[in-house]
Amino acid sequence: MTRKVIRTDAAPAPVGPYNQAIAASGQMIFVAGQIPLDPKTGEIIGTGDITKQTEQVMANIEAILTAADANWTNVVKTSVFLADMNDFGAMNAVYARFFDEATAPARACVQVSRLPKDVRVEIECIAVI
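None of these values were measured; they are calculated from a predicted model. (Residues numbered from 1 in each chain as written. Predicted model: local features only at pLDDT ≥ 70, side-chain atom pairs only at ≥ 80, totals over all residues. Heavy atoms only, no water.)

## Some words on the overall build of the protein chain
Right, on to step 1. Tallying secondary structure elements over the protein chain gives two helices and six strands in all.
Right, on to step 2. Computed over the C-alpha atoms, the radius of gyration of the protein chain is 14 Å, within 12% of the 14 Å expected from 2.2 N^0.38 for a compact globule of 129 residues.
Right, on to step 3. For the protein chain, the proportion of its 129 residues judged to be buried stands at 36%.
Right, on to step 4. For the protein chain, the share of sequence-separated contacts (at least 6 apart) that also reach a separation of at least 24 residues comes to 73%.
Right, on to step 5. For the protein chain, the computed accessible surface area is about 6900 Å², with 53% contributed by carbon and sulfur atoms. (Helix = DSSP H or I, 4+ residues; strand = E, 2+ residues; numbered from the N terminus. Rg over C-alpha atoms; globule rule 2.2 N^0.38 Å. Buried < 20%, exposed > 50% of the residue type's maximum accessible area, 1.4 Å probe, protein only. Contact = heavy atoms within 4.5 Å. Areas by Shrake-Rupley, 256 points an atom, 1.4 Å probe, with all protein chains shown as cover.)

Here it is, written out as structure tokens:
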């Protein structure tokens, strides 16, 4: 994979662990939106707790990336869906553990009216290997 962080002062600077854009070439992996389901039991982890839910979502994504022979450095774009934008800070704190701010992927984060199984967070990503 080739990867280049795109930055410009002509657009707003990121307000978290992400970059304005990433240019990448290679095989693309589209990881479906992950919610905080325990892969062994199928049960929701951390009901009502955005920190625990985000940790489980990131663990689920990491397992999928590993199965694709990829890791967090291969992720070029994420989309975060929150049931409540007031959870942004707590979600962002967990998310930041997985990405170096200087090379973090591009990201969108939006509040949605409802998520599957009434969870608080869902995250999808695109990786390139």
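Still more ground to cover, so stick around.
## Here's the deal with the environment of Thr 54
Right, on to step 1. By the secondary structure assignment, Thr 54 is in helix 1 (residues 50-67).
Right, on to step 2. Taking relative accessible area as the criterion, Thr 54 reaches 0% and is therefore assigned buried.
Right, on to step 3. Sequence separation between Thr 54 and Thr 103 is 49 residues, and the spatial gap between their C-alpha atoms is 20 Å.
Right, on to step 4. Ignoring anything within four residues of it in the chain, the contact list for Thr 54 reads Met 91, Val 94, Tyr 95 and Val 121.

## Quick notes on the nonpolar core
Right, on to step 1. Counting residues in hydrophobic clusters, the biggest one holds 20 residues, and the most contacted among them are Ile 61, Leu 65 and Val 121.
Right, on to step 2. Here this core gets five residues from one element, more than from any other, and that element is helix 1.
Right, on to step 3. Not counting chain neighbours up to four residues away, the residues in contact with Leu 65 comprise Val 31, Ala 70, Asn 71, Trp 72, Val 75 and Ala 127. (Core = buried A, V, L, I, M, F, W, Y, C linked by side-chain atoms within 4.5 Å.)

## A closer look at unusual backbone geometry
Right, on to step 1. One non-glycine residue, Lys 117, adopts positive backbone phi at about 55 degrees.
Right, on to step 2. Residue Lys 117 is classed as exposed on the basis of its relative accessible area, which comes to 59%.
Right, on to step 3. For Asp 118, which is not a glycine, the phi torsion comes out positive at approximately 60 degrees.
Right, on to step 4. For Asp 118, the location among the structural elements is in the loop between strand 5 (106-111) and strand 6 (121-128).

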